[in-house]
Structures are given as structure tokens and as C-alpha cells.
Amino acid sequence: MKETSEICKAFVPPEIIKHLWTITELYDEDRYVFVLSSRRLGDSMVQDIKIIVGDRSYLHSVYGFKPVDFTIKVSSKDKNYRMTLIPSSKAEYEIEKWRRRNLYNNFLKKLSSSPEHFRVRRAW
């Protein structure tokens, strides 16, 4: 059974999650670490994925979607795999940026729902 944590689903594109699950099927290991980082290639951004399996590591790039900067752990217990984010300063920064943007969007929604001709009078 494969389970992806809600925080992974919220911040990592579904294409990357699917790709990481495919990688876990290639190796017969109990623990995987994926270091996701973005880099510029020409005029676009590329997702680099460093795969750490046991005492080996591999690096490859994936194209076609907005890259993210996170470290993800996939661990197994009795063939039940669970994908979670590993807390890091990059992850905390991205989550805080999302929270601020979400709060800002909520603030804008409240402003747009107020009356159109709203005027605050000066106090003399």
C-alpha cells in the first residue's frame, strides 16, 4: 500500500509524486530519500531529483512542470510505504511563503466583498 501525506500533496506537483512512486518500484529498499531542487536551464526551470537509496545515490532531471525545492522521505513498514516531507529550512520557507500568499488572497477576497462605494470619513 502506498500513502502520500497531505502536506506532500499540497506542495509537490502530482506528476512528481507519481514519478517518485515509480522510482520506489524499481528498487527493493525500505527507505528512500529524494532531494528535489530547481535549476535554470536556458529560459526555463528544471526539476533535479537526487535519489538516495541505501548507500547509493543517483541524479536526474525532469521537465514539464513548475519545480519545487523539498526533501522527501519514503519509508516502508511491512510493505506499507509512506511518503512525507522532511522538515528543512527550504521546506519551512516554502510553506511560510504559501501561508502568506494564502492570507493575502483571503484579505483581497474580503476587500472585494465589501461595498463598492465604501468611504471612510475623516475625523476632525
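To be clear, the structure that these remarks concern was listed above.
Cut-offs applied
Residues numbered from 1 in each chain as written. Predicted model: local features only at pLDDT ≥ 70, side-chain atom pairs only at ≥ 80, totals over all residues. Heavy atoms only, no water. Phe/Tyr/Trp six-rings, centres within 6.5 Å; stacked < 30°, edge-to-face > 60°. Helix = DSSP H or I, 4+ residues; strand = E, 2+ residues; numbered from the N terminus. Buried < 20%, exposed > 50% of the residue type's maximum accessible area, 1.4 Å probe, protein only. Core = buried A, V, L, I, M, F, W, Y, C linked by side-chain atoms within 4.5 Å. Pairing = 2+ DSSP bridges. Axes fitted to C-alpha atoms, helices over the stretch in contact; angles between N-to-C directions. Contact = heavy atoms within 4.5 Å.

So, about the packing of aromatic side chains. The final tally for this structure, using the stated rule, is three aromatic pairs. When the centroid spacing of 6.0 Å and the interplanar angle of 50 degrees are considered together, the rings of Phe-11 and Phe-70 count as tilted. Pair noted here: Phe-11 is in helix H1 (residues 6-11) and Phe-70 is in strand E5 (residues 70-77), with a separation of 59 residues, a long-range link. Taken together, a centroid distance of 5.8 Å and an interplanar angle of 15 degrees make the contact between Tyr-27 and Tyr-58 stacked. Taken together, the residues Tyr-27 in the loop between helix H2 (14-26) and strand E2 (31-41) and Tyr-58 in strand E4 (residues 56-62) connect sequence positions 31 residues apart. With relative accessibility at 24%, the residue Tyr-27 sits in the partly exposed group.

On to the nonpolar core. Judged by nonpolar contacts, the single largest core of 25 residues is most densely connected at Val-12, Leu-20, Phe-34, Ile-72 and Met-83. No other element matches H2, which puts five residues into this core.

Attention now moves to the sheet that holds E5. The strands that make up a sheet pair up through hydrogen bonds in the backbone, lying either parallel or antiparallel. If you trace the six strands from one edge of the open sheet to the other, you get E1-E6-E5-E2-E3-E4, paired in mixed fashion. For this open sheet the edge positions go to strand E1 (2-4) and E4, each flanked by a neighbour on one side alone. Ignoring strand direction, the axes of neighbouring strands in this sheet form an average angle of 20 degrees.

Moving on to the environment of Thr-24. Within the secondary structure, Thr-24 is located in helix H2. With sequence-adjacent residues up to four places away left out, Thr-24 is seen in contact with Tyr-32, Phe-34 and Val-74.

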